[in-house]
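So you can see what is in the structure, the chains are spelled out below.
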Amino acid sequence: MSIVISKKCESLHGQARIPGDKSISHRALMFGALTIGETMISGLLEGEDVLHTAEAMRGLGAKIEKSADGLWRTWGVGIGGLREPDNPLEMGNSGTSTRLLIGLVGGHNIKATFTGDASLSGRPMKRVITPLEMMGANFEATDDDKLPLTVTGPDDLLAIEYETPVASAQVKSAILLAGLNARGTTTVIESKPTRDHTEKMLQHFGVEVTTKELEGGRYAIALVGQQELQPGAIDVPGDPSSAAFPAVAALLHEGSEITLPNIAVSDRRNGIYITLREMGADITFENERIQAGEAVADIIVKNSGPLKGIDVDPARVPSMIDEFPILAMAAACANGTTKMTGIAELRVKESDRLLMVAEGLKACGVELEMGEDWLTIHSNGKAPKGGTTVKTALDHRIAMSFLVLGTATDEPISIDDGEPIKTSFPNFITLMNELGCNISED
Ligand code: S3P
């Protein structure tokens, strides 16, 4: 446990290089390990979550190394080539590593046990167990289908068509990854489009993946199994979820202007920026380009006065699912009321984020109401009082969100544990301070 304190600062200025996108980094290591040959990865996020993926892929037989030039290289084992690990796969705090790798192991005729920290061991796994059982995988798990669990892939994997009951890129990806080793076509139907890094990166590695829009705004994503992945190179762009922390900090301080180069900004990930613009923020995307199939841009954030409260479009939730904690901090300083609805999934993230945000904000003096799947925040265009220590419950995004709020409150905000920040944004404190913040470990 390390207490971190954030004190009020002046405006933010400069350029900040945000670490690599977490979702893309996990997939680069996993998919590189499924090719036959060498894949070179630049810009990989070296956060704890991604390092857990690297270690697990080594346990499953791939060779993964970081070279002196800072690049990561994988030497894959090919689809169907994973070997049974000697030891349990320790996933730490990482839901993405766990769910995607359960899919990968469940699609191979091997057995592996997954373990994790207290936060991960409380998260639902039934959502991946159900479709993988349909494909023939076998699970030994606790009664409530949580970690630790053991999965054994079948001799003969069945390709399935599956409609996901929750909008989840992790569930979609777990099924597609299992389907890579099945005979025939595996199809996932999602009712709301979620992040599509799996589809894009598989295509980048030469796998044919099709996405078809169905009636009612649903999407069918399909792949034929047992295609070979061709090794290649991946340049991981900056993480838009991490970039949202300095972006909101800049929006809370008059006179701020910051540049965040090389950020992933596809329409499956940019919901926070669209929402902040609706709140009146001056945010522009420059040098828009495509990199390994992903839309990338430099993000310029300028403060142009207080934000205003809005009703956040619930259709946008999947494209900003990880950004509600930081949006809530912006809302706590905005003029008027901000309503967020359709956000029940926040309750099963690294923590119950709805509850942690609501409790933390209340302790900072914010007026709000919360329901099972909604949160309404009232403010008058000024930052709340602050002056409290917020509980973070092993949740990196709760930790970073309240440290951002503390840059604007009259009294400092502390968080009870800064350790989880290392899972996704190891240089967060240094980077924020270089832009002008005053954040320090106690
Ligand atoms: C992720 C998908 C999302 C997101 C998580 C990363 C991914 O989870 O919250 O941080 O990389 O696929 P869900 O699929 O559970 O919504």
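Residues numbered from 1 in each chain as written. Predicted model: local features only at pLDDT ≥ 70, side-chain atom pairs only at ≥ 80, totals over all residues. Heavy atoms only, no water.

### What to know about the overall build of the chain
Counted only if it meets this: The numbering of helices and of strands both runs from the N terminus, where a helix is a DSSP run of H or I of at least 4 residues and a strand a run of E of at least 2. The globule rule used here is 2.2 Å times the number of residues to the 0.38 power, and the radius of gyration it is set against is calculated over C-alpha atoms. Burial here depends on accessible area, computed with a 1.4 Å probe over protein chains only, as a share of the maximum for the residue type. Under 20% is buried, over 50% is exposed, and the range in between is partly exposed. Note on areas: Shrake-Rupley, 1.4 Å probe, and residue coverage restricted to the protein chains presented here.
Secondary structure summary: the chain contains twelve helices and 23 strands in total. In terms of overall size, the chain behaves like a compact globule, its C-alpha atoms giving a radius of gyration of 21 Å where 442 residues would be expected to give roughly 22 Å. Each principal axis of the C-alpha distribution contributes one length, and for the chain these read about 60 × 45 × 45 Å. Every one of the 442 residues in the chain was classed for burial, and the buried ones make up 60%. With the model as given, the accessible surface of the chain reaches about 15,800 Å², and the carbon-plus-sulfur share is 47%.

### Quick word on unusual backbone geometry
Residue P148 is bonded to the preceding L147 through a cis peptide linkage, with omega at 0 degrees. Within the secondary structure, P148 sits in the loop between β8 (138-140) and β9 (149-152).

### What to know about the packing of aromatic side chains
Note the threshold: Any two rings among Phe, Tyr and Trp, with Trp reduced to its six-membered ring, count as a pair given centres within 6.5 Å; such a pair is stacked if its planes are under 30 degrees apart, edge-to-face if over 60, and tilted if neither. Only lysine NZ and arginine CZ atoms are considered, and such an atom sits over a ring when it is within 6 Å of the ring centre and within 35 degrees of the ring normal.
Tallied over the full model, the rule gives three aromatic pairs. Their ring planes at 75 degrees and their centres at 5.9 Å tell us that Y273 and F285 sit as a pair that is edge-to-face. You can see Y273 sitting in helix α8 (residues 271-278) and its partner F285 sitting in strand β16 (residues 282-291), a full twelve residues away along the chain. Just as Y273 is buried, F285 falls in that class too. The ring of W75 is capped by K63, whose NZ or CZ atom sits 4.5 Å from the centre of that ring. One residue, R268, lies across the ring of Y219, its end atom 5.4 Å from the ring centre.

### Digging into the domain arrangement of the chain
For clarity, the cut-off: All domain edges in this entry derive from an automatic or database-based domain assignment. In what follows, a contact means two residues having at least one pair of non-hydrogen atoms within 4.5 Å. The buried area of a pairing is the accessible area, by a 1.4 Å probe, that goes missing from both parts when the two are put together, added over both. By definition, a salt bridge exists where a carboxyl oxygen of Asp or Glu is found within 4 Å of a side-chain nitrogen of Lys or Arg.
Assigned domains of the chain: these are domain 1 (4-20 + 237-441) and domain 2 (22-235). Just the C-alpha atoms count here: the centres of domain 1 and domain 2 sit 28 Å apart. In this assembly, 26 residues from domain 1 lie in contact with 31 residues from domain 2. Of the roughly 2,500 Å² buried between domain 1 and domain 2 on both sides combined, carbon and sulfur atoms contribute 49%. Counting across the domain 1 and domain 2 interface gives three salt bridges.

### With respect to helix α7 (residues 240-251)
Stated precisely, the cut-off is as follows: Multiplying one less than the number of residues by 1.5 Å gives the expected span of a helix.
Spanning twelve residues, α7 covers 16 Å between terminal C-alpha atoms, matching the ideal 16 Å at 1.5 Å per step. With twelve of twelve residues buried, α7 is to be regarded as a mostly interior element. Turning to α7, its buried residues number three or more, namely P240, S241, S242, A243, A244, F245, P246, A247, V248, A249, A250 and L251.

### What about the nonpolar core?
Spelled out, the test is: We define a nonpolar core as any set of buried Ala, Val, Leu, Ile, Met, Phe, Trp, Tyr and Cys residues linked to one another through side-chain atoms lying within 4.5 Å.
Core analysis: the biggest nonpolar cluster contains 77 residues, and L260, L276, M340, L361, I377, F402 and F428 have the highest contact counts within it. Top contributing element to this core by residue count: α7, with eight residues. The residues touching L361, leaving out its near neighbours within four places in the chain, are A328, M329, A332, V366, L368, I377, F402 and L405. A56, L100, I110 and M201 belong to the second largest nonpolar core, which has 64 residues in total.

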